[in-house]
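Analysis of the macromolecular model
Chain by chain, the residues run as shown.
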Amino acid sequence: QVQLVESGGGLVQAGGSLRLSCTASGSTFSMGWYSQAPGKQRELGARISCGGRTTDADSVKGRVIISRDNAKNTVYMQMNRLKLEDTAVYYCNARTILVGIRLREYDYWGQGTQVTVSS
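These figures come from a predicted structure and were not determined experimentally. (Residues numbered from 1 in each chain as written. Predicted model: local features only at pLDDT ≥ 70, side-chain atom pairs only at ≥ 80, totals over all residues. Heavy atoms only, no water.)

**Let's talk about the environment of Ser30**
- Its location among the elements puts Ser30 in strand β4 (residues 30–36).
- Look at Ser30 and you get buried, because its relative accessible area is 6%.
- Taking the C-alpha atoms as reference points, Ser30 and Thr96, 66 residues apart in sequence, are found 7.1 Å from one another.
- In this view, Ser30 contacts Arg47, Ile48, Ser49, Arg68, Asn93, Ala94 and Arg95; residues no more than four positions away in its chain are not counted.
- Here the side chain of Ser30 touches Arg47 through a polar contact of 2.6 Å, side chain to side chain. (Helix = DSSP H or I, 4+ residues; strand = E, 2+ residues; numbered from the N terminus. Buried < 20%, exposed > 50% of the residue type's maximum accessible area, 1.4 Å probe, protein only. Contact = heavy atoms within 4.5 Å. Polar contact = N/O pair within 3.5 Å; in protein donor to acceptor, adjacent residues only side chain to side chain.)

Set out below in structure tokens:
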């Protein structure tokens, strides 16, 4: 139902910055970015609701700014002061909620974009 297109990954030096973007093919309840390093489980970076409420993980607190443009169905994550341990594949997530006979929640994932931080 919802397709996600991600961009903004790349190679940066420690202390540098990147801005990730993700555009959904339709409206969403919330969107966020998650990271997954080799051999590790996928974990939250930051999320933002359609109303602008944000949540970020302790590992990135103070270093990321997540924002969204509802008209464009796009979420952005500005990452600053990157660390070596930030190296991972970053996946965009979008959640939609359908209220009918029963509440239904749907999750969609992008293909992932590589972020590599070098010393």
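**Some words on the pattern of salt bridges**
- One pass over the structure, following the stated rule, counts five salt bridges.
- One salt bridge connects Asp107 with Arg95, and the closest N-O pair in it is separated by 3.1 Å. Here Asp107 is found in strand β10 (residues 103–109), whereas its partner Arg95 is found in strand β9 (residues 88–99), with 12 residues between them in sequence.
- Classification of Asp107 by relative accessible area gives partly exposed; the value is 34%.
- Look at Arg95 and you get partly exposed, because its relative accessible area is 24%.
- Counted as one network, the salt bridges with shared partners bring together Asp56, Asp58 and Lys61. (Salt bridge = Lys/Arg side-chain N within 4 Å of Asp/Glu carboxyl O.)

**Comments concerning the nonpolar core**
- Within the largest apolar cluster, 26 residues are counted, with the highest numbers of intra-cluster contacts made by Leu4, Met31, Trp33, Val75, Met77, Met79 and Tyr90.
- Among the elements of the structure, β3 (18–24), β4, β5 (43–49), β7 (64–69), β8 (74–79), β9 and β11 (113–118) are those that each provide at least two residues to this core.
- Residues contacting Met79, with those up to four places away along its chain left out, are Gly16, Ser17, Leu18, Leu20, Arg63, Val64, Tyr90 and Val115. (Core = buried A, V, L, I, M, F, W, Y, C linked by side-chain atoms within 4.5 Å.)

**Focus on the pairing of β4**
- Taken across its seven residues, β4 has six buried, putting it largely inside the fold.
- The pairing of β4 with β5 spans six bridges and is antiparallel. Within β5, the position partnered with Ser30 by the bridge is Ser49. (Pairing = 2+ DSSP bridges.)

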